[in-house]
Amino acid sequence: MSDTSRNNGFLYGPFAPTRQDGRWNDLEIIGSVPQDLCGTLYRTGSEPQFDPVRADLYHWFDGDGVIGGITLKDGRASFQRRVIDTDGLAIERAAGHAIYGGINGGGLPQRPQGGPPMKNNGNTNVTVFGDKLLAFMELGLPYELKRDDLSTIGNFDFGGIRTPVTAHWKVDPETGDLLFYGVFMTQITWYRADRFGQIVESHTFDMGVPSFIHDFAVTRDYAMFFINPTIIDIPGAMRGERPVIWEPDVGCRIAVLNRRTFELKIIPASDRFAPTHFLNAWQDGEEVVIDGNRAAEFSYPRGVPATQFDHLWFKTAYPWRWRINPSQGTLRDEQVSDINSEFPRHNESLVGKPVQFGYYAATRHGEYCENWLFDHIAKQDLKRGTVEFQNIGGQLSCPGESVFVAREGATEEDDGWVLTLWYDPDRDQTELVILNGRDFGGEPQARVKLGRRFPMGFHGNWVPEAA
């Protein structure tokens, strides 16, 4: 990395690129891996394969997608990682240097002939659906990867989709269907795919503005999309300018789509905010209850230059609850807690149903850490209004998203394992920490040392060996 990169926190510490693909077996383990954990935790990482054109404008969101797989079986652990061979990266490899910018612009003014106008890095989420390992980013279609060595096969189009799709899908726990959507300009298209990954339902509606819809909430009968002041400026992006703009005059509205009839209700919110990620949603009589995180704003207003850059580019986010009555078109909302938190997850068997527990990356003091975002993970009891924190005795930092894996035969919502990647700043390495969900604040069940650093990414999922 160049000297100018040293002023950008997204290029150092847990975010710094390693550019080392490979497979490593028989990892060091402190404690013992539960015997019922037999499968692979897939995670995304984000790292530039070439030094950015403008290091001062580089953002964590801009890195090339890297997929990591930590496989647990018979109490042992192995790890492999591989960069996704995207169309945009192929263009840069042919040139021998970075070409594309990202969420703050900063790319070269001329794109090579035949290259994509924007780079779909596939760095946001990863899962196995049907028999396909898919890596997602909302700038395009997901990439299909080989499960044995993580090599790239190519784009997967669900049987005919041509426009970008979200990186935040949900799996219907009753049918196994994939529930997701795509955003193109001002239009949202709702999709439902069967368990083989083929589209069986779609519906398009116009939201009026090119709002950045990163995540959504879903229940048995409804899908909710939060139209907000974060605007995607495609013409600006094509000129190499910042493609994501905060336009406070847009305000906030919630689009409520009836999944059965496709009737659409647009419900105005009382104030403006930036939704980040949703924990879950469910129906309570005539009301829809949505739990998620919201921040005061996201990105810079138009005309404000993105110059010197650090991780406080986005504002702190806190848990909120929204109650919507679709038939009456009414909305009530309230802040649930003052915990600075992100990456909310829950027991995935309860998608679209009431949940009591949410798991978050967090801090205890209401703001980001000075260096690397978060230093704790938190388990929030939404019924009791209580929170448990865990920071591994302060030995580790910068946890990512937690993934909850239910114990086989569990009858309680939190009876299972909480899996989180942490950064060891003393050894510059990554660890997988496994916690007992019912003893969240206690000693870890296991700490799996990867022996190297996996660059900070965003989301991931546990896939049992049987899948």
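For the structure itself, look to the data block above.
Note that residues are indexed from 1 along each chain, following the sequence as it is written. In view of the model being predicted, local features appear only for residues whose pLDDT reaches at least 70, and side-chain atom pairs are presented and counted only at 80 or more, with totals across whole chains, interfaces and linings using the full set of residues. Side-chain numbers here rest on the full set of heavy atoms in the structure, without hydrogens or water.

Q: Mind showing me how you'd approach the sheet that holds strand S1 (residues 22-24) here?
A: Sheet strands pair by backbone hydrogen bonding; their relative direction is either parallel or antiparallel. Pairing between two strands is assigned when DSSP locates at least 2 bridges connecting them. To qualify as a helix, a DSSP run of H or I must reach at least 4 residues; to qualify as a strand, a run of E must reach at least 2; elements of each kind are numbered from the N terminus. If you trace the five strands from one edge of the open sheet to the other, you get S1-S5-S4-S3-S32, paired in antiparallel fashion. The sheet terminates laterally at S1 and strand S32 (460-464), the two strands that pair on one side only. For this sheet, the mean angle separating the axes of adjacent strands, direction not counted, is 15°. Bridge count for strand S4 (residues 64-73) against strand S5 (residues 76-83) is eight bridges, and the pairing is antiparallel. Here an axis means a line fitted to C-alpha atoms, over the contact stretch when the element is a helix, while the angle between two N-to-C directions is reported on a 0 to 180 degree scale.

Q: Any chance you could explain the layout of surface pockets here in plain terms?
A: If a probe as big as a water molecule is rolled over the atoms, it shows which places are left empty. Lining residues are those with an atom within 4 Å of a point, where the points come from a 1 Å grid over the protein atoms alone and group into cavities, where a 1.4 Å probe fits but cannot get out, or pockets, open sets with protein on both sides within 12 Å along at least five of seven lines. Grid points are joined across faces, edges and corners, and a volume is the space filled by probe spheres set on the points. The volume enclosed by the second largest pocket comes to roughly 1000 Å³. Taken together, 39 residues make up the lining of the second largest pocket; nearest its centre are Trp169, Val171, Arg345, Glu348 and Asn461. Secondary structure elements with two or more residues in the lining of the second largest pocket: strand S6 (125-129), strand S10 (170-171), strand S14 (217-218), strand S20 (274-284), strand S24 (341-345), strand S28 (403-406) and S32. When residues of the lining of the second largest pocket are assigned to their parent elements, the largest contribution, five residues, is made by S20. The classification used treats Ala, Val, Leu, Ile, Met, Phe, Trp, Tyr, Cys and Pro as nonpolar, Asp, Glu, Lys and Arg as charged, and all other residues, Gly among them, as polar. Counted by class, the lining of the second largest pocket contains 22 nonpolar, twelve polar and five charged residues.

Q: I keep staring at the sheet that holds strand S7 (residues 132-136) and nothing clicks. Help me out?
A: In space, the four strands of this open sheet follow the order S6-S7-S8-S9, with antiparallel pairing throughout. Bordering the open sheet on either side are S6 and strand S9 (152-155), each of which pairs with just one other strand. Averaged over all neighbouring strand pairs, the angle between strand axes comes to 30°, with direction disregarded.

Q: What's the story with the pairing of strand S23 (residues 330-335) in this structure? I'm lost.
A: For a regular strand, side-chain orientation follows a simple rule: the groups alternate between the two sheet faces. Taken together, the six bridges between strand S22 (residues 317-325) and S23 define a ladder with antiparallel strand orientation. Within S23, the residue paired with Asn325 across the bridge is Thr330. Following S22, the chain reverses through four residues before pairing antiparallel with S23; Gly329 in that reversal takes a positive phi of roughly 70°.

Q: Would you take a moment to explain the nonpolar core for this structure?
A: Generally speaking, a soluble globular protein has its nonpolar side chains buried in company with each other. Counting residues in each nonpolar core, the largest one holds 23 residues, and the members touching the most others are Leu37, Leu72, Leu419, Leu432, Ile434 and Trp462. Within the residue set of this core, elements represented by two or more residues are S4, S5, S28, strand S29 (416-424), strand S30 (429-436) and strand S31 (446-449). Sequence-distant contacts of Ile434, that is, excluding residues within four places in its chain, are made with Val33, Pro34, Leu37, Leu72, Trp417, Val418, Leu419, Pro444, Gln445 and Ala446. Remark: nonpolar core denotes a set of buried residues (Ala, Val, Leu, Ile, Met, Phe, Trp, Tyr, Cys) joined through side-chain atoms within 4.5 Å. Each residue gets one of three labels from its accessible area relative to the maximum for its type: buried under 20%, exposed over 50%, partly exposed in between, using a 1.4 Å probe on protein chains only. Listed in part, the 22 residues of the second largest apolar core include Phe15, Phe314, Met456 and Phe458. Should any heavy atoms of two residues lie within 4.5 Å, those residues are counted as being in contact.

Q: Got a minute to help me understand the side chain of Thr189 in this structure?
A: In this structure, Thr189 sits in strand S12 (residues 187-193). By relative accessible area, Thr189 is classed as buried at 13%. Pairs of N or O atoms are called polar contacts if they sit within 3.5 Å, as long as, within protein, a hydrogen donor faces a hydrogen acceptor (for residues adjacent in sequence, only side-chain-to-side-chain pairs). In terms of polar contacts, Thr189 uses its side chain to reach the side chain of Thr204, at 2.7 Å. Dropping the residues within four chain positions of it, Thr189 is found in contact with Phe180, Tyr181, Gly182, Ser202, His203 and Thr204.

Q: Just to check I follow, could you spell out the pairing of strand S21 (residues 287-295) for this structure?
A: Counting buried residues in S21 gives nine out of nine residues, a clear majority hidden from the surface. As consecutive antiparallel partners, S20 and S21 are separated by two residues, and within that stretch Gly285 has a phi angle of approximately 65°, a positive value.

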